[in-house]
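Observations on the three-dimensional arrangement
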Amino acid sequence: MGFARACSVALVGVEGVVVEVQADLEPGVAAFTLVGLPDKSLVESRDRVRAAVVNSGAEWPQKKLTVGLSPASVPKGGSGFDLAVACAVLGAAERIDPAAIADVVMIGELGLDGRVRPVRGVLPAVLAAAEAGYRHVVVPEQTAGEAALVPGVSVLGVRSLRQLIAVLGDEPVPEEPAADRGRPDTMLAGLMVPGAGLGAGLAPLSADGTAHRPDLADVAGQDRARKALEVAAAGGHHLLLSGPPGAGKTMLAERLTAILPPLSRRESLEVTAVHSVAGILPPGEPLISRAPYCAPHHSATMQSLVGGGNGLPRPGAVSLAHRGVLFLDEAPEFSGRALDALRQPLESGHVVVARAAGVVRLPARFLMILAANPCPCGRHTLAGAGCECPPSAVRRYQARLSGPLLDRVDLRVEVEPVGRADLMGSGGRGESSAEVAIRVREARERAAARLVGTPWTTNSEVPGHELRTRLVTAPGALMAAERDMERGILTARGLDRVLRVAWTVADLRAADRPDASDIAVALELRTGIPRGVPVQAGAL
């Protein structure tokens, strides 16, 4: 009897569970049995592994073969177990030393010719292996850079099963021909879901195929909306832009990521792990360093927003926008169930999706931008524009954004139509994204220094109790907010959000703490009621 074991990783959402792949050979009729809750793609690995082993020059054992995936209670799927299954079988057949593979985590799909093909989710899988104490990982050559992002782990990138057998047996490593560079690499097909990158709107491309980053200086006028965008970026506050069509709401939202600071190392790993599982990680870019941008269409379902799918849930738009921007254009056109499903992630920074196959917790700390027209035709607020929508239709249209959802939005700005002077350039260009990004970065640094020693880094994350007890405003600064609360204009949650915005406004003007004018600016940005304070670009 021969026995050997190797290790691989099963992904549950964006978290991984180390799976021990055990191979047992016994005398009897030649058969291959795979146990341990495998799905259809994993059951098919029996034929892939057998052909890959034979075509790699090794002999397939003609005995009764049983491969077990432990723990057996965890559902397992995907083709990433092929490499571990093949090595466990070869170890049981004594083609390679079983001790050499016992504590090695192997991730990769095998082609029938023995080539090792890349799979999705390598980064979260290697992170799970490192947390479990494993220090040696074997992955496909194309994903070695992604796996190497995890510190303290020795990564071996292989191109074929023949190479791995030679490395484990201390034999000369055979040369494998590289892919033809004159055409797209078909081996990268396993890393991407077809159409996912373009459909999510994550990386708008220019005509030559390179990533295009719009500049804030392209926006004509809109000083008030530009300042609200700056406050949103500096404190991580959610924003509602309402106004007639063509006023520039979408242009403003598309330029928000350009003024956000680069992601920290920890944030980059979180975002890269989610995108790797979702199959939208750009080829040749193992680490995402910029805030992502996700703009789903208004026909998106609730499952596509918060996560779902057959079997265990997969990341939705809120997770793809983790540490970045989620832009909902034409927000009232989204279904009510889809919009109300955003309430939990807006508060907690994660989404818990429960399905029959299990419960998955997905990260979802994003900055939400809503864009809405005032009525179905969009001309309700324009003087002399000829809006023919009856008042009942206007009320129904505006009521599609529920009160509990709007209560979680910190900033609400009315975007006015652009005048001729601003549009034709006679008013001068506004500040560029680079200039605004400097102020945003400095404001975030002040907030991070103030919150050092706490689990929060931005003002939008600070709980209301901390704002009212430890982070004290200037004496008498809250009088206007308290009056609005007594009149019913503000809720208790609304007061906390006004305080968070006020701290961000104070950080932008390099003040130690908010005063009455900062509270007035925060109240005006939230309620839309003029408070007699300037809210313009560069005025804070």
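Up top is the structure.
Anyway, here's the lowdown on the structure attached to this text. (Residues numbered from 1 in each chain as written. Predicted model: local features only at pLDDT ≥ 70, side-chain atom pairs only at ≥ 80, totals over all residues. Heavy atoms only, no water.)

1. Notes on the overall build of the chain
Along the chain, the regular secondary structure elements total 23 helices and 16 strands. Looking at the chain as a whole, 50% of its 540 residues are labelled buried. In the structure as shown, the chain presents an accessible area of about 23700 Å², 53% of it carried by carbon and sulfur atoms. (Helix = DSSP H or I, 4+ residues; strand = E, 2+ residues; numbered from the N terminus. Buried < 20%, exposed > 50% of the residue type's maximum accessible area, 1.4 Å probe, protein only. Areas by Shrake-Rupley, 256 points an atom, 1.4 Å probe, with all protein chains shown as cover.)

2. A closer look at the environment of Pro292
Within the fold, Pro292 resides in the loop between helix H11 (265-278) and strand S11 (293-294). Through-space distance from the C-alpha of Pro292 to that of Phe366 is 9.3 Å; in sequence the pair is 74 residues apart. Contacts of Pro292, omitting those with residues within four sequence positions, involve Thr257, Val271, His275, Leu320, Ala321, His322, Arg323, Gly324 and Val325. (Contact = heavy atoms within 4.5 Å.)

3. So, the environment of Ala338
With respect to the helices and strands, Ala338 occurs in helix H14 (residues 336-340). Residue classification places Ala338 among the buried residues on the basis of a relative accessible area of 0%. As a C-alpha pair, Ala338 and Thr301 span 37 residues in sequence and 6.2 Å in three-dimensional space. Each residue touching Ala338, except ones within four places of it in the same chain, is listed here: Ala300, Thr301, Met302 and Leu305.

4. Topic: the state of the cysteines
A complete count under the given rule lists zero disulfides for this structure. There is no disulfide at Cys377, and the cysteine sulfur nearest it, in Cys375, is 3.5 Å away. The partly exposed category is assigned to Cys377, whose relative accessible area is 25%. Cys377 provides the cysteine sulfur closest to Cys389, a residue in no disulfide bond, and the two sulfurs are 3.6 Å apart. (Disulfide = S-S within 2.5 Å.)

5. Let's talk about the packing of aromatic side chains
Evaluation of the coordinates by the stated rule reveals two aromatic pairs. Measuring from ring centre to ring centre gives 5.7 Å for Phe32 and Trp60, while their planes differ by 40°; the resulting arrangement is tilted. With Phe32 in strand S3 (residues 31-35) and Trp60 in the loop between helix H2 (45-55) and strand S4 (64-70), the pair connects residues that are 28 residues apart, well separated along the chain. Owing to a relative accessible area of 9%, Phe32 belongs among the buried residues under this scheme. (Phe/Tyr/Trp six-rings, centres within 6.5 Å; stacked < 30°, edge-to-face > 60°.)

6. Let's talk about unusual backbone geometry
Peptide bonds are, in most cases, trans, and in most cases residues other than glycine have a negative phi. Across the junction of Ser70 and Pro71, the peptide omega takes the value 5°, indicating a cis bond. Although it is not a glycine, Glu94 adopts a positive phi angle of roughly 65°. Inspection of the secondary structure puts Glu94 in the loop between helix H3 (82-92) and helix H4 (98-101). Judged by its relative accessible area of 66%, Glu94 falls in the exposed class. Positioned with a positive phi, Glu330 is a non-glycine residue whose angle comes to about 55°. Summarising the element assignment, Glu330 is placed in the loop between strand S12 (325-328) and H14.

7. Some words on the sheet that holds strand S10 (residues 239-242)
With respect to topology, five strands assemble into an open sheet ordered S11-S12-S15-S10-S16, the strand pairing being parallel. Each edge of the open sheet carries a strand with a single partner, namely S11 and strand S16 (411-414). Of the strand pairs in this sheet, S10 and strand S15 (residues 367-372) are connected by four bridges, and their pairing is parallel. Looking across to S15, one finds that Leu241 is bridged to Ala371. On top of the sheet, helix H9 (residues 223-235) reaches S10, S15 and S16; it is set at about 165° to S16, its chief contact. (Pairing = 2+ DSSP bridges. Axes fitted to C-alpha atoms, helices over the stretch in contact; angles between N-to-C directions.)

8. Details of the nonpolar core
Counting 59 residues, the largest nonpolar core has Leu239, Leu256, Ile259, Ile369 and Leu525 as the members making the most contacts within it. Sorting elements by how many residues they give to this core places helix H22 (residues 492-508) first, with eight residues. Discounting residues that sit within four places of it in the chain, Leu256 has contacts with Leu229, Ala233, Val325, Leu367 and Ile369. By size, the runner-up hydrophobic cluster in this structure holds 40 residues, among which are Phe32, Cys87, Val158 and Leu168. (Core = buried A, V, L, I, M, F, W, Y, C linked by side-chain atoms within 4.5 Å.)

9. A closer look at the side chain of His238
Looking at the element boundaries, His238 is found in the loop between H9 and S10. Classification of His238 by relative accessible area gives buried; the value is 6%. At a separation of 3.1 Å, a polar atom in the side chain of His238 contacts the main-chain amide nitrogen of Met368. With residues up to four places along the chain from it excluded, the contact list for His238 reads Leu346, Phe366, Leu367, Met368, Arg408, Val409, Asp410, Leu411 and Arg497. (Polar contact = N/O pair within 3.5 Å; in protein donor to acceptor, adjacent residues only side chain to side chain.)

10. Comments concerning helix H7 (residues 161-168)
Here H7 lies mainly inside the structure; six of its eight residues are buried. Considered for burial, the residues of H7 that qualify are Leu161, Gln163, Leu164, Ile165, Ala166 and Leu168.

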